[in-house]
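Examining the three-dimensional arrangement
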Amino acid sequence: MNVCEYIPGLENIPAARSSISYVDGQEGILEYRGIRIEELAEKGSFLETAYLLIWGELPTKSELEIFEMDIRYHRRIKYRIRDMMKCFPETGHPMDALQTSAAALGLFYARRALDNPDYIRKAVVRLLAKIPTMVAASHQMRRGNDPIQPNDNLDYAANFLYMMTERKPDPLEARIFDVCLTLHAEHTMNASTFSAMVTASTLTDPYAVVASAVGTLAGPLHGGANEEVLRMLEEIGSVENVRPYIENCIVNKHKIMGFGHRVYKVKDPRANILQSLAEQLFEKTGHDEYYAIALEVEKVVEEKLGHKGIYANVDFYSGLVYRKLGIPSDLFTPLFAIARVAGWLAHWKEQLAVNRIFRPTQVYIGEHNMPYIPIEKRAMSQRNGH
Ligand code: ACO
């Protein structure tokens, strides 16, 4: 490859050598540290998965117990951070609130010792512990309520649902939410992970690393398609409307939300797991009016676009699950962030171990040797009409 060749979006350019996760898009395989996602979803927990991603191996029983206990202990956020969050406008997007709050942690835990394993561990624990509390607290405060304090008797997933609803969740609901976190914890190189790594490479603090990744995840081209899926299912409204709706999208070249993926050319393995979770949830809590529509959408899209490798992705069934758990749709991307903190921190640690500051180049396409025109002689046309 010519080193000066410009590749928009750096498509297919490796940005790291990594042993954190692996995707085979032709076979529909996703592995974290070599372990298949299906196995982790069935047998593991989110915090066990976070430990695996960040420290590279599954924890022993006592390592996991200590890790969970540390996280439980650090869930509360400082009153001054709560007071700061109270001043956020209630109309602001929860992702902006989360980015600001994550960055604020750097003010309160300012000591930076990136070569000290104890500092690294504490930062990991604080971020995993406090990000869910911040998401739930800002959700309560924008509705005019006081935040609900973390409940020390509940595990990670159950405690988050408790802080959102003030009721102890049913064990199946908590287990399903925990699996959703595992499924979203990591996904090789992507925009927010790359953003985390670029920020990490300057040797800034981990709170800035996570804040910058949250800001990147917030854009509509990255997080957020599951919100669009729900909107689409509502718009379709009935099973009979599915076929004409999809045919119309295809004729008019509109993207069908929750389908297609840059890497997967078969059904995303996470979509299979989420679909089965959705079914378990509906069996327990009652039928969801949109599930039958979703099944028909998947059938028609496969029939019409399967030959192009377009199948359901992770976002297609996650919105249905979150809605059934009582989570408002503008919190779907913050939920993604809660889970992805694990992956971002794993990449932060991996980056620190072999760090070289990111400093790509550019292909300059501007002018040279331009005259300096005195201000009184400048015309609008010289500024391209702006
Ligand atoms: N609906 C209809 N047609 C589609 C879809 C879709 N969802 N996705 C791709 N296609 C078609 C394109 O129109 C194009 O057709 P053409 O070759 O006839 O022009 C072909 O498939 C290739 O599409 P690209 O957009 O070039 O594929 P790319 O790999 O760049 O895009 C993406 C992947 C962005 C995910 C795309 O499939 C999409 O926009 N999907 C809908 C949004 C969505 O669900 N996003 C979540 C992705 S998962 C995640 O980010 C966590």
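Just above, that's the structure.
Across its full length, the protein holds 16 helices and 3 strands. Taken against the 2.2 N^0.38 rule, which gives 21 Å for 386 residues, the C-alpha radius of gyration of the protein at 23 Å falls within 12% of a compact globule. Considering only C-alpha atoms, the protein reaches an extent of 75 × 55 × 45 Å along its principal axes. Expressed as a percentage of the 386 residues in the protein, the buried residues total 50%. Restricting the contact set of the protein to residue pairs at least 6 apart, pairs at least 24 apart contribute 76%. The protein carries 44 positive and 48 negative side-chain charges, and their two centres are separated by 6 Å.

Attention now moves to the packing of helix 13 (residues 269-285) against helix 14 (residues 291-305). Interhelical geometry of helix 13 versus helix 14 gives an angle of 155° and a closest axis separation of 12 Å. In terms of axis orientation, helix 13 runs roughly antiparallel to helix 14. Relative to helix 14, helix 13 is oriented so that their crossing is left-handed. For the pair helix 13 and helix 14, contact is made by Gln275, Glu279 and Phe282 and by Tyr291, Leu295 and Glu298, respectively.

Scanning the model with the defined rule gives 19 salt bridges in all. Its salt-bridge partner being Lys122, residue Asp118 comes within 3.2 Å of it at the nearest N-O pair. Here Lys122 and Asp118 lie together in helix 6 (residues 117-142), a separation of 4 residues that amounts to about one turn. Among the ionic pairs, Asp268 bridges to Arg270, the shortest N-O distance being 2.8 Å. Note on accessibility: Asp268 and Arg270 belong to one class, buried.

A cluster of nonpolar residues, Tyr6, Val363 and Ile365, forms a patch on the protein surface that exposes about 400 Å² of accessible area. Looking at the element boundaries, Ile365 is found in the segment after helix 16 (332-353).

With that settled, consider unusual backbone geometry. Even without a glycine there, the phi angle at Leu10 is positive, about 50°. Note on placement: Leu10 falls in the segment before strand 1 (21-24). In this structure, Asn12 is a non-glycine residue whose phi angle is positive, near 65°. Turning to its location among the elements, Asn12 is positioned in the segment before strand 1. Judged by relative accessible area, which is 73%, Asn12 ranks as exposed.

So, how was this worked out
Residues numbered from 1 in each chain as written. Predicted model: local features only at pLDDT ≥ 70, side-chain atom pairs only at ≥ 80, totals over all residues. Heavy atoms only, no water. Helix = DSSP H or I, 4+ residues; strand = E, 2+ residues; numbered from the N terminus. Rg over C-alpha atoms; globule rule 2.2 N^0.38 Å. Buried < 20%, exposed > 50% of the residue type's maximum accessible area, 1.4 Å probe, protein only. Contact = heavy atoms within 4.5 Å. Lys, Arg positive; Asp, Glu negative; His and termini not counted. Charge placed at Lys NZ, Arg CZ, Asp CG, Glu CD. Axes fitted to C-alpha atoms, helices over the stretch in contact; angles between N-to-C directions. Parallel < 35°, antiparallel > 145°, perpendicular 65-115°, else oblique. Left-handed = near helix turned anticlockwise from the far one by under 90°. Salt bridge = Lys/Arg side-chain N within 4 Å of Asp/Glu carboxyl O. Patch = residues over 30% accessible without salt bridge, like charges linked within 9 Å, V, L, I, M, F, W, Y side chains within 5 Å. Areas by Shrake-Rupley, 256 points an atom, 1.4 Å probe, with all protein chains shown as cover.

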